[in-house]
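Chain residues, written in single-letter form:
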Amino acid sequence: MTTEIRPLKIVIVGHVDHGKSTLVGRLLHDTGSLPEGKVEALRAMAERRGMPFEWAFVMDAIQAERDQGITIDTAQIRFRTARRPYVIIDAPGHKEFLRNMVTGAAASEAALLLVDALEGVQEQSRRHGYLLSLLGIRQVAVLVNKMDLVAFSADRFGRVAEELRAYLAGLGVEPVAFVPISAREGDNILAHSRRMSWYQGPSVIQVLDGFVPAPRPVDRPLRMPVQDVYKFDHRRIVAGRIESGRLRVGDEILFSPSNKTVRVKSIEMWNVSESPEEAVAGQSIGITLSEPIFVERGEIVSHLEQPPMETTVFRGRLFWLGEKPLEVGRSYTLKLATTEAQVTVEAIERVIDTSDLSSRPADRIERNGAGEVILRTRRLLAVDPHETNPATGRFVLVEDYRPVAGGIVSMDGYPDQRRLVTVRATNIHAVGHAVTREARHARNGHRGGVLWFTGLSGAGKSTLALALERELFARGYQVYVLDGDNIRSGLNADLGFGPEDRAENIRRVGEVAALFADAGFLAISAFISPYRADRERARRAAGEAFHEIYIHAPLEVCERRDPKGLYRKARNGEIPEFTGISSPYEPPEKPELVIPTHELSPEECLALLVRYVEDRFRL
Amino acid sequence: MNHLDELEAESIYVLREAFAKLDRLAILWSLGKDSNVVLWLARKAFFGHVPFPVIHVDTGRKFPEMYAFRDRYAKEWGLRFIREECPPIEEVDPTLPPAARAAARKTLGLQNAIRKYGFRGLIAGIRRDEEALRAKERYFSPRGEDNSWNMKDQPPEFWNQYMTDFPPGTHVRVHPILHWTEVDIWRYTKREGIPVIDLYFSKDGKRYRSLGDMDITFPVPSTASTLDEIIAELEATRIPERAGRAMDHEAEDSFERLRAAGYM
Ligand SMILES: Nc1nc2c(ncn2[C@@H]2O[C@H](COP(=O)(O)OP(=O)(O)O)[C@@H](O)[C@H]2O)c(=O)[nH]1
């Protein structure tokens, strides 16, 4: 049994009809990689349809393709030389299908750039060369095809090769070889062709076998974009793939852009005999942390030294695939590693003409064009300049759900803004108000405070909160209900319903309620707030003014009431992590007040609450 | 990291992206070797849990061994299991050749499930190397309201950025093992100790390479009766995997018609 060697991923690019598909068919055939009977079947099919056999048929397995005569999409084909296995990604040259070429080329470790000896270098030959350089494909070989059509002329070969060499040099791409071939006839594919004895260089197979697999960037600085935070059991696991570097248990790590520091408690893996002490670039892992800090998808884990940069603005070199042109002032969704943000095109620095690499100023970039733009976001992003760390230094722009651009980050001329945030955070001092608390209370006729309702869904929190608000307002109180609707749609619009987001939701509500109390208001909050720790934090924010009120009804009662049908859905598994069903509710240990809504009428409950408020808050 | 580790890490990444970005997600479990690997990868990705439903679109014509396997592991692995029964064959386009028609019936069953549960993401265990058409697939492949796949207008997909937002009415197929080959599947199955249905092993000189409905899947000649022997056999063969599937031989375009209709 042979061992598992990783196949090398290569892409074949070039102008339409310069012979990419033919070359693929040829390679498959000459290396003995085709299923038995495939070529015979295709020859028979061609005969049936009264057309000459083409090697490209091997690729064109789709009816539509055969009819249209152009390869429409990226396809992956495998073959094997004596040295190792390969996956080839056929990247069609038709202009309309540039996005497919990008899809294929971005995943490759090396590229074969095909050019027709007779037609010479064409528009797409150049554009593809340009994209290879932008996509970071550094191993390129140029194959000058259809040498049979130019009588295997060394002179013609030399001229075509030279033209392409000059162009690629302008991009900083230096091909490892220039090979004269005939894909259709099989010259210089596997072995040297006797018809081109003037050529001493490697055959196509030798070129392929000479490519080096892309090394995994284990020696670059650690980058692990957070994909998600899980709490399926007692563990709270931060999940992601290490894009570069290595990470060890006990390491002090930094989350960016939130700028939080913590230690790695463990590296989690399922179905392994013992959990690992170290993980490296390429691995999809999970980690647990020494402290329960709030982190979320989109942040980047690094070590304290060598962190990514933080910024709200950067320069992007991009190619544009959108139907509508890219324009100054427009906004797009940026995806960078696992982060998403709205970006606005602040300026187009230049548009690049890929036919001669000249550039000019412009206010738009058209479809299939390339250029350099300044992108600005509202919130801080963690990024790397592409040359220092590709995985966190490249981005995709999305418009109308579809990816419309790919680009790489340059931070030339832009400072790291991390310093700014760190300094800002340590510079804050509590502001001494000119108006005293007593003065506010005296004017209102009552003290400020937080009435923190907690209890199961269906226990009656919202109903009672609103009834109490109406009643107290009528009695001259400055009173305001904080509930899911007015908080979730604005202040907390960025939060979801995962455990961390819920905790953060409650933390913010606690802070806002405390501000209301400080301003002299009675703030009534009506959130389930199932966790003691979260409620304790809210209590700390408001201090003395905090009153925990347990709106209590047993689970069975709440479930029977089920005003919004939520329990039923939760029981059917349609709502994950539903409090009381699939997620815990921790009742208060020492609430200031308990309202047992299953034993009292709504009027009785309200009366209890009003009396409580009048006793404690009225001056 | 060896080759299998890299394949696994990529698949886990895709699964986690799907879970993070798509609500109403489910795994399609066909009970075959590929979807068993996908389930296994999901358990790895989510640390022993499969945090979304696992759905079997049941034609009622699978092998008894497959049903036994399903019932056992649905329980043992703590899966949130859903069985969706396919509608009767009479409801399916009679102009299709018989095997393709049977497959189209499965499409209807799947469409019913999508409607019933409102799934917006379906994870499926297809591989690019299975047949030429699948070679064109993306990891995240949006499907239209009628489940159709617009092969010629696929979004670009690169740098691990997938199409995770899409217009109302569409859903996405997620293909976490798109980049695996048949022999990768078996090597991984062996390394991980993933349970295997006996039908894949040779009996009386024949074994199944691919398992579909009983009446349209046929065993191929083989003496491989252990995982090692299967792996060795696949390394030597050039016969395509789906040789034992009737549908593939019916018409050059039957795959394509089914694909466009959302079958695959
Ligand atoms: N004479 C000659 N024709 C070739 C050669 N390679 C490809 N062709 C022909 O060029 C045409 C386009 O080839 P194809 O592989 O489809 O190009 P693609 O668009 O780059 O995939 C076909 O008719 C091929 O037969 C070659 O080496 N010599």
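Residues numbered from 1 in each chain as written. Chains lettered and ligands numbered in written order. Predicted model: local features only at pLDDT ≥ 70, side-chain atom pairs only at ≥ 80, totals over all residues. Heavy atoms only, no water.

Q: Is there a simple way to explain the overall build of chain B in this structure?
A: A tally of helices and strands in chain B yields eight helices and eight strands. Residue burial in chain B is summarised as follows: out of 264 residues, 65% are buried. Restricting the contact set of chain B to residue pairs at least 6 apart, pairs at least 24 apart contribute 73%. A total of about 9,400 Å² of accessible surface is found on chain B, and carbon and sulfur atoms cover 51% of it. (Helix = DSSP H or I, 4+ residues; strand = E, 2+ residues; numbered from the N terminus. Buried < 20%, exposed > 50% of the residue type's maximum accessible area, 1.4 Å probe, protein only. Contact = heavy atoms within 4.5 Å. Areas by Shrake-Rupley, 256 points an atom, 1.4 Å probe, with all protein chains shown as cover.)

Q: Even after reading the chapter, I still don't get the overall build of chain A, so can you show me in this structure?
A: Counting secondary structure elements, chain A contains 16 helices and 28 strands. Principal-axis analysis of the C-alpha atoms places the extent of chain A at approximately 105 × 50 × 45 Å. Per-residue burial for chain A yields a buried fraction of 55% across its 619 residues. Of the contacts made within chain A by residues no fewer than 6 positions apart, 72% connect residues no fewer than 24 positions apart. For chain A, the accessible surface area stands at approximately 27,300 Å², while carbon and sulfur atoms represent 50% of it. The positive charge centre, built from 81 side chains, and the negative charge centre, built from 84, are 1 Å apart in chain A. (Lys, Arg positive; Asp, Glu negative; His and termini not counted. Charge placed at Lys NZ, Arg CZ, Asp CG, Glu CD.)

Q: What am I meant to see in the sheet that holds strand β5 (residues 140–143) of chain B here?
A: Residue and element names in this part refer to chain B. Within the open sheet, the six strands sit side by side as β3-β2-β1-β4-β6-β5. Their pairing is mixed. The open sheet is flanked by β3 (81–85) and β5, the only strands paired with a single partner. Direction aside, the axes of adjacent strands within the sheet are offset by 30 degrees on average. Pairing of strand β2 (residues 54–58) with β3 involves five bridges; the strand directions are parallel. Its bridge partner lying in β3, His 56 is registered against Arg 83. (Pairing = 2+ DSSP bridges. Axes fitted to C-alpha atoms, helices over the stretch in contact; angles between N-to-C directions.)

Q: Explain the confidence of the model for chain A to me, please; I cannot follow it from the model alone.
A: Residue and element names in this part refer to chain A. Scored by pLDDT, chain A comes out at a mean of 88, with 93% of its residues at no less than 70. A low-confidence stretch, residues 61–74 (pLDDT under 50), is modelled with 53 contacts involving residues beyond four sequence positions or located in other chains. With pLDDT under 50 throughout, residues 423–428 is counted as low confidence; its partners more than four residues away or in other chains account for zero contacts. (pLDDT = per-residue confidence, 0-100.)

Q: What is the right way to read helix α10 (residues 461–474) of chain A from this model?
A: Within an α-helix, residues lying three or four positions from one another point in the same direction, as the helix has 3.6 residues per turn. All names here are of chain A. Between its terminal C-alpha atoms α10 stretches 20 Å, which fits the 20 Å expected from 14 residues at 1.5 Å a residue. Residues Lys 461, Leu 464, Ala 465, Ala 467, Leu 468 and Leu 472 constitute the buried set of α10. Of the surrounding elements, those touching the buried residues of α10 are β24 (449–454), β25 (479–482), β26 (522–526), β27 (546–552), β28 (593–596) and α16 (602–617). Downstream of α10 by a residue or two, Gly 476 has a phi angle that is positive, lying close to 90 degrees. (Expected span 1.5 Å × (residues − 1).)

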